[in-house]
Amino acid sequence: MRKLELAEKGLTKTKEALFDELIRHYLKKVLRLVYLMVKDRSLAEDITQEVFLIAYKNLGKFRQESSMQTWVYRIAVNEAKKHLRSWSFRHLFFKPEVDIEVVEGAESAVLQNDLRARFAHLVMKLPHSYRQLIVLHYYEELSVEEIAVILDTSAGAIYTKMHRARQKLKALLEKEGIE
């Protein structure tokens, strides 16, 4: 019996099994993260598909120096940033306001009432660099250290930018009369 247990521990999951596990655990989270960054549901779905395609292709290169969640979030953030920087996104797909109906439909678990919807609307008004920090820390509940790994920067820089993001969000909240 002991040999069987050792043999089972020695078995590694196939690439397909790992990818299936990755999809089951992170698909909705990555889609939400990307949507909150790009503000467009169909574009977020396309980017999410690209994220998992990249993850599948590079699954063998995953060195397990960080968690699987951090790794896939880093891919998602990088892909979303790439689309936000692209000329076609800035000139053809720019949406100055978030479609609240889409937000409520896609994020009903997060936006359960009017106050949360208004708060989310204000978060979406933040500049991209601040918005991604707020989303990663408060919506995805990642630690500052995990965010630093995802964004490839120091924890100190994240603390500084988080402080600025909170100040900017606080100013928006005061302007809108939300406490």
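Residues numbered from 1 in each chain as written. Predicted model: local features only at pLDDT ≥ 70, side-chain atom pairs only at ≥ 80, totals over all residues. Heavy atoms only, no water.

Looking up the chain in an unreviewed UniProt entry gives the name RNA polymerase, with the organism given as Brevibacillus porteri. UniProt annotates the chain under Sequence similarities (unreviewed entry) with the comment "Belongs to the sigma-70 factor family. ECF subfamily." (UniProt positions renumbered as here; feature names shortened; annotations may be inferred.)

Colleague: Is there a simple way to think about the overall build of the chain in this case?
Modeller: Across its full length, the chain carries ten helices and zero strands. Partitioning the intrachain contacts of the chain with sequence separation of at least 6 by distance along the chain shows that 68% fall at a separation of at least 24. Carbon and sulfur atoms provide 53% of the accessible area of the chain, an area that totals close to 11200 Å². (Helix = DSSP H or I, 4+ residues; strand = E, 2+ residues; numbered from the N terminus. Contact = heavy atoms within 4.5 Å. Areas by Shrake-Rupley, 256 points an atom, 1.4 Å probe, with all protein chains shown as cover.)

Colleague: I'm lost on unusual backbone geometry in this one. Help?
Modeller: Leave glycine aside and you will find that most residues have negative phi; peptide bonds, for their part, are mostly trans. Even without being glycine, Lys-39 reaches a positive phi, approximately 65°. On the secondary structure map, Lys-39 appears in the loop between helix H2 (15–38) and helix H3 (41–57). In this structure, Glu-141 is a non-glycine residue whose phi angle is positive, near 55°. Within the secondary structure layout, Glu-141 lies in the loop between helix H8 (128–139) and helix H9 (144–151).

Colleague: When you look at the confidence of the model for the chain in this model, what are you seeing that I'm missing?
Modeller: Caution applies to low-pLDDT parts of the model: their predicted coordinates are not meant to be read in detail. With 74% of its residues at a pLDDT of 70 or more, the chain shows a mean pLDDT of 77. Averaged over each element, pLDDT in the chain is lowest for helix H1 (residues 2–10) (45) and highest for H3 (91). The low-confidence segment residues 91–96 (pLDDT under 50) makes five contacts with residues lying over four places distant or belonging to another chain. Here residues 106–112 is a poorly scored stretch, pLDDT under 50, and it has 13 contacts once near neighbours within four places are set aside; other chains count. (pLDDT = per-residue confidence, 0-100.)

Colleague: Explain the pattern of salt bridges to me, please; I cannot follow it from the model alone.
Modeller: Charged atoms that come close allow side chains of opposite charge to pair. One pass over the full model with this rule turns up five salt bridges. Arg-32 is the partner of Glu-140 in a salt bridge, and the nearest nitrogen-oxygen pair spans 3.0 Å. Highlighted residues: Glu-140 in the loop between H8 and H9 and Arg-32 in helix H2, separated in sequence by 108 residues. The residues Glu-140 and Arg-32 share a single accessibility class, namely buried. Here Arg-41 and Glu-45 are joined by a salt bridge, their closest N and O atoms 3.0 Å apart. (Salt bridge = Lys/Arg side-chain N within 4 Å of Asp/Glu carboxyl O. Buried < 20%, exposed > 50% of the residue type's maximum accessible area, 1.4 Å probe, protein only.)

Colleague: How should I be thinking about the packing of aromatic side chains in this particular structure?
Modeller: Any two aromatic rings considered together are summarised by their centre-to-centre distance and by the angle between their planes. Summed over the entire model, instances satisfying the criterion amount to two aromatic pairs. A centroid spacing of 4.9 Å and a plane angle of 70° characterise the contact between Phe-19 and Tyr-56, whose relative ring orientation is edge-to-face. Pair noted here: Phe-19 is in helix H2 and Tyr-56 is in helix H3, with a separation of 37 residues, a long-range link. Each member of the aromatic cluster is reached from another via a ring pair, and the members are Phe-19, Phe-52 and Tyr-56. (Phe/Tyr/Trp six-rings, centres within 6.5 Å; stacked < 30°, edge-to-face > 60°.)

Colleague: Just checking my understanding: could you explain the nonpolar core for this structure?
Modeller: Counting 50 residues, the largest nonpolar core has Val-30 and Leu-136 as the members making the most contacts within it. Counting residues per element, the ones that place at least two in this core are H2, H3, helix H4 (68–85), helix H7 (114–125), H8, H9 and helix H10 (155–176). A per-element tally of this core places H2 first, with eleven residues. Apart from the residues within four sequence positions on either side, Leu-136 is in contact with Leu-33, Tyr-73, Val-77, Glu-141, Leu-142, Ile-147, Ile-150 and Leu-151. (Core = buried A, V, L, I, M, F, W, Y, C linked by side-chain atoms within 4.5 Å.)

Colleague: How should I be thinking about the environment of Ser-67 in this particular structure?
Modeller: As for its position among the elements, Ser-67 is in the loop between H3 and H4. Considered as a pair, Ser-67 and Glu-146 are 79 residues apart in the sequence and their alpha carbons are 9.0 Å apart.

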